[in-house]
Amino acid sequence: MDAVYYEEAAKLGAWMGQSGKTLVYGGANCGLMEVVARAVHEHGGRVLGVVPQILSERNRVSTYIDIIVHTADLNDRKQLLIDKSDVIVALPGSVGTLDEVFTVMAANTIGIHRKRVVFWNINHFWDDLFRLFDGLEQKKVLNKPADEIMVRVETLEELIACIC
């Protein structure tokens, strides 16, 4: 993954820590979220890690977590992440990220909650996904307009404005 993603993730974490925010994330010791967690921790914020058993068994748990909530599996983890989060931000990611954000978006469409996913489109990472959703909306297969289940931001400044 390009260095720009890690640099931006660190900036987000620094802002969160300096602003006294609490990061809620999956607790792994790798990837962009670990960069965010480290920066939050180093800048005075709190980090809550929702850790599935398999991460503990494989010694993949971050050392930057202030509060650990253990879960049996990924489904429990996802539900707790959603329940404990006020804002869901999708940094560039892979299948796990997509799984989590689609769960949030699907629950929104049927009225379980009104949380929207904020996609931080660093370096145009999410452009293909946005085209997919634009197509779904044009085909009129979404139960709600896309802007009711997701937000698209390009810069850290836009992301911060969306969070605050």
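Below is a short write-up of the structure.

**Regarding the overall build of the chain**
No. 1: When you go through the chain residue by residue, the secondary structure sums to seven helices and six strands.
No. 2: For 164 residues, the compact-globule estimate of 2.2 N^0.38 gives 15 Å, and the chain sits close to it at 16 Å.
No. 3: With the C-alpha coordinates of the chain rotated into their principal frame, the extents come out at 45 × 35 × 30 Å.
No. 4: Residue burial in the chain is summarised as follows: out of 164 residues, 41% are buried.
No. 5: Looking at the chain alone, contacts between residues at least 24 apart form 61% of all its contacts between residues at least 6 apart.
No. 6: Summing over all exposed atoms, the chain offers an accessible surface of approximately 8800 Å²; the carbon and sulfur share of this is 51%.
No. 7: One finds the centroid of the 17 positive side-chain charges in the chain at a distance of 4 Å from the centroid of its 22 negative side-chain charges.

**Quick notes on the pattern of salt bridges**
No. 1: One pass over the structure, following the stated rule, counts four salt bridges.
No. 2: Measuring nitrogen to oxygen at the nearest pair gives 3.0 Å for the salt bridge that ties Glu8 to Lys11. Here Lys11 and Glu8 lie together in helix α1 (residues 3–18), a separation of three residues that amounts to about one turn.
No. 3: Judged by relative accessible area, Glu8 falls into the buried class, the value being 16%.
No. 4: On the basis of relative accessible area, Lys11 is assigned to the partly exposed category, the value being 45%.
No. 5: The salt bridge involving Arg131 is made with Asp128; its shortest N-O contact spans 2.3 Å. Highlighted residues: Arg131 and Asp128, both in helix α6 (residues 127–138), separated by three residues, approximately one helical turn. As far as burial versus exposure is concerned, Arg131 and Asp128 are alike and both exposed.

**So, the sheet that holds strand β5 (residues 117–120)**
No. 1: Overall, parallel pairing links the three strands, which are arranged β4-β5-β6 in an open sheet. The sheet is open, and its two borders are formed by β4 (88–90) and β6 (150–153), each paired with just one other strand. Across this sheet, the average inter-strand angle for adjacent strands is 25°, counted without regard to direction.
No. 2: Pairing geometry for β5 and β6, over four bridges, is parallel. Its bridge partner lying in β6, Trp120 is registered against Val153.
No. 3: Of the strands in this sheet, β4, β5 and β6 are in contact with helix α5 (residues 95–109), which crosses β5 at around 145°.
No. 4: Against the sheet, α6 contacts β5 and β6, and its axis sits at roughly 140° relative to β6.

Each value, and the rule that gives it
- Residues numbered from 1 in each chain as written.
- Predicted model: local features only at pLDDT ≥ 70, side-chain atom pairs only at ≥ 80, totals over all residues.
- Heavy atoms only, no water.
- Helix = DSSP H or I, 4+ residues; strand = E, 2+ residues; numbered from the N terminus.
- Rg over C-alpha atoms; globule rule 2.2 N^0.38 Å.
- Buried < 20%, exposed > 50% of the residue type's maximum accessible area, 1.4 Å probe, protein only.
- Contact = heavy atoms within 4.5 Å.
- Areas by Shrake-Rupley, 256 points an atom, 1.4 Å probe, with all protein chains shown as cover.
- Lys, Arg positive; Asp, Glu negative; His and termini not counted.
- Charge placed at Lys NZ, Arg CZ, Asp CG, Glu CD.
- Salt bridge = Lys/Arg side-chain N within 4 Å of Asp/Glu carboxyl O.
- Pairing = 2+ DSSP bridges.
- Axes fitted to C-alpha atoms, helices over the stretch in contact; angles between N-to-C directions.

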